[in-house]
Amino acid sequence: MEQHIGTLIFIILLIFASSFFSASETAYTSANKIRLRSLADEGKKSAERALKIISRYDKILTTILVGNNIVNILTSSLATVMCIALWGDNGSLISTLSVTIVVLIFGEILPKTIAKAHAERFACAISGIMNFLMIVFTPISALFLLLQRLATKLFCSKNKEVSMTEQELIHIIEEIEDEGVLEEQESSLVRSALTFDETLVSSILTPRVNVVAIEINSDIENVKEIFTREEYSRIPVYEKTIDHIVGVVTRKELFENLVHKKAFYLRDIIQETLYVPSLSKISDVLKQMQKKKIHLAVVVDQYGGTEGIVTLEDVLEELVGEIYDESDEIKSPVTFLSENVFETGGDLSRNDFNRYFENRGDNFRIDSDSNTVGGWIFELFGKIPEEGEVVTTENFIITVKSLKNFRVDRLRFEILKKDEEQ
């Protein structure tokens, strides 16, 4: 037995080498590049080396696999020779069982588990050793990389896949929010920013029927009365019909002129406005508003008529949620009458409805081509409903409480419980 002590020590060293290669593979596969980049920016050289190694992932993986296979084959061979010398014909079976169990536990499972839990730290710690091994194994890894490229050309698609989709990024944000890394408000802001570029003006505009506008030839006293009553900071001005909006008058401009001038006309103080198609993206509209220093844009339909208006505040609310000033009356878009019953207006936007229940943690989304809850109700009925009519969806029993000028004015929702759905 004494003559085999040297062989046994060498086998133990090989098992340590096997665990090293296994842990290295897991560390460089699981390491978070963003964390490593942050450490590198702080001046940590080992993190910088680890990032360079990960950027050459094919070579490091080949190096690790070659090294791991070499030490595992040597371990098995030496153990077999030693066991046959000790136990004769049964040595081969003993060697196979013992090496398999030892390598599986100490060369695979344990090191990979530990490396995954401390991936970035381990990747940094061994970056110098891995750099050296990559150089040593270059002749062997070069051959395998050549074979890999040939196989890739033969069997893999030429279309390069993106490393991460937007939807996957949203899922990651939700996960790190659950872990407590991001606050709920921060997570909501990031998700809003990701979907901001996809939102169309048509989904956030104030529709034509709700637009308060002033005829250009209106008496100044009437204009003053409208501003006082509506408490808006700016109002669009039209000539003859609302389909021909010629500009915007601001409260500030109007009252400054009332104070300093004896007589003036509305057309003397109107400012130019921006005209945008209803299918414009709000990110593009925001850029135009910033460039022209305009706070209100007129949304036109495909026929050139006025579909509605959109303000800078409407656009920003898609990012940060509702914005209130001192003159706004804060109203919840949803009024709960009991735990499972609530009411809402038909003109409530689909986005505001979805955002409200998303913030509550409920999964009550409206998936519709319509921009308002009332439009969604028209889709569900397939006609203009009558007062008191009821429709059932996956989550709600909805009752039309009132109509106004062929529009849905007020709705009553009863939340369906799971047993009721079944």
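One structure accompanies this document, and this report is about it. (Residues numbered from 1 in each chain as written. Predicted model: local features only at pLDDT ≥ 70, side-chain atom pairs only at ≥ 80, totals over all residues. Heavy atoms only, no water.)

1. Some words on the sheet that holds strand β2 (residues 214–215)
Hydrogen bonding along the main chain pairs the strands of a sheet, whether they run parallel or antiparallel. What the three strands build is an open sheet, ordered β2-β3-β4; its pairing is mixed. The sheet terminates laterally at β2 and β4 (241–250), the two strands that pair on one side only. In this sheet, strand β3 (residues 234–239) lies alongside β2 in parallel orientation, the contact comprising two bridges. Paired with Ile 214 across the two strands is Val 237, which belongs to β3. (Pairing = 2+ DSSP bridges. Helix = DSSP H or I, 4+ residues; strand = E, 2+ residues; numbered from the N terminus.)

2. Observations regarding the environment of Leu 266
Position of Leu 266 relative to the elements: it lies in the loop between α12 (251–260) and β5 (274–277). Separated by 83 residues in the primary sequence, Leu 266 and Ser 349 have C-alpha atoms spaced 33 Å apart. In this view, Leu 266 contacts Ile 214, Glu 215, Ile 216, Ile 220, Val 223, Val 237 and Val 249; residues no more than four positions away in its chain are not counted. (Contact = heavy atoms within 4.5 Å.)

3. Let's talk about a nonpolar patch on the surface
A contiguous nonpolar surface patch, about 660 Å² in accessible area, is contributed by Ile 5, Leu 8, Ile 9, Phe 10, Ile 12, Leu 13 and Phe 16. Tracing the backbone through its elements, the reader meets Phe 10 in helix α1 (residues 5–30). The partly exposed category is assigned to Phe 10, whose relative accessible area is 40%. (Patch = residues over 30% accessible without salt bridge, like charges linked within 9 Å, V, L, I, M, F, W, Y side chains within 5 Å. Areas by Shrake-Rupley, 256 points an atom, 1.4 Å probe, with all protein chains shown as cover. Salt bridge = Lys/Arg side-chain N within 4 Å of Asp/Glu carboxyl O. Buried < 20%, exposed > 50% of the residue type's maximum accessible area, 1.4 Å probe, protein only.)

4. Here's the deal with the sheet that holds strand β12 (residues 407–415)
Ordered by their spatial adjacency, five strands build an open sheet running β8-β9-β12-β11-β10, and the pairing between neighbours is antiparallel. With partners counted over all chains shown, the strands left at the sheet margins are β8 (335–338) and β10 (390–392), one partner each. Mean inter-strand twist for the sheet, computed between neighbouring axes without regard to direction, equals 25 degrees. Pairing between β8 and strand β9 (residues 341–345): three bridges, direction antiparallel. If you follow Thr 335 over to β9, its bridge partner there is Glu 343. The strands that helix α16 (residues 373–381) touches are β9, β10, β11 (396–404) and β12; relative to β12, the one it contacts most, it runs at about 80 degrees. (Axes fitted to C-alpha atoms, helices over the stretch in contact; angles between N-to-C directions.)

5. What about the pairing of strand β6 (residues 296–300)?
Most of β6 is tucked away: five of the five residues are buried. Here β6 shows a buried face lined by Leu 296, Val 298 and Val 300 and a second buried face lined by Ala 297 and Val 299. Relative to β6, β5 is paired through four bridges, and the arrangement is parallel. By the bridge assignment, Val 276 is partnered in β6 with Val 299. Taken together, β5, helix α13 (residues 282–292) and β6 form a β-α-β motif whose crossover is right-handed. As paired elements, β6 and strand β7 (residues 306–311) share five bridges and run antiparallel to each other. Along β7, the bridge assignment pairs Leu 296 with Thr 311. (Right-handed = clockwise from strand over helix to strand, strands pointing away.)

6. Comments concerning the packing of aromatic side chains
One pass over the full model with this rule turns up 13 aromatic pairs. Relative to Phe 396, the ring of Phe 342 lies with its centre 5.8 Å away and its plane at 85 degrees, an arrangement referred to as edge-to-face. You can see Phe 342 sitting in strand β9 and its partner Phe 396 sitting in strand β11, a full 54 residues away along the chain. Judged by its relative accessible area of 0%, Phe 342 is buried. The class for Phe 396 is buried, based on a relative accessible area of 3%. (Phe/Tyr/Trp six-rings, centres within 6.5 Å; stacked < 30°, edge-to-face > 60°.)

7. Here we look at α13
Along an α-helix, residues three or four positions apart point the same way, because every turn accommodates 3.6 residues. All buried positions along α13 are accounted for by Ile 282, Ser 283, Val 285, Leu 286 and Met 289. Buried residues along α13 cover an arc of 160 degrees about the axis, so they all sit on one side. Across from the buried face of α13, at angles greater than 90 degrees, the exposed residues are Lys 287 and Lys 291. (Arc of directions from axis to C-beta.)

8. Some words on helix α15 (residues 350–360)
For α15, the set of buried residues is Arg 350, Asn 351, Phe 353, Asn 354, Arg 355 and Phe 357. Each element contacted by the buried residues of α15 is listed here: α14 (312–320), β8, β9, α16, β11 and β12. Two residues or fewer past α15, Gly 361 is found with a positive phi of approximately 90 degrees.

9. What about the pattern of salt bridges?
Tallied over the full model, the rule gives eight salt bridges. Note that Glu 108 and Lys 112 form a salt bridge whose closest N and O atoms lie 3.1 Å from each other. A residue pair is termed a helical-turn pair when its members lie 3 or 4 positions apart in one helix, as Glu 108 and Lys 112 do in helix α5 (residues 91–117) at four residues. The partner of Glu 343 in a salt bridge is Arg 410, and the shortest N-O contact between them spans 3.5 Å. Placement of Glu 343 in strand β9 and of Arg 410 in strand β12 is noted, with a sequence separation of 67 residues between them. Look at Glu 343 and you get buried, because its relative accessible area is 11%. Through salt bridges with shared partners, a single ionic network connects Glu 225, Arg 229 and Glu 230.

10. Quick notes on unusual backbone geometry
If you check the backbone angles, Asn 405 has positive phi at about 55 degrees while not being a glycine. By the secondary structure assignment, Asn 405 is in the loop between β11 and β12.

11. Some words on the nonpolar core
Tyr 28, Ala 31, Leu 36, Ile 53, Ile 60, Ala 123 and Met 130 are the most contacted members of the largest nonpolar core, which has 26 residues in total. If you list the elements that add at least two residues to this core, you get α1, α2 (33–41), α3 (45–55), α4 (57–87), α6 (119–125) and α7 (127–136). Excluding residues that lie within four positions of it along the chain, Leu 36 makes contacts with Ala 31, Ala 47, Ala 50, Leu 51, Ile 54, Glu 120 and Cys 124. In terms of nonpolar packing, the next biggest core, distinct from the first, is built from 19 residues, Phe 357, Ile 366, Phe 381 and Ile 398 among them. (Core = buried A, V, L, I, M, F, W, Y, C linked by side-chain atoms within 4.5 Å.)

12. Describing the pairing of β3
Direction of pairing for β3 relative to β4: antiparallel, over a ladder of six bridges. Across the sheet, residue Arg 234 finds its bridge partner in β4, namely Thr 250. Between β3 and β4, which pair antiparallel one after the other, the connecting turn spans one residue, and Lys 240 there sits at a positive phi close to 75 degrees.

What is shown is where atoms sit, not what they do.
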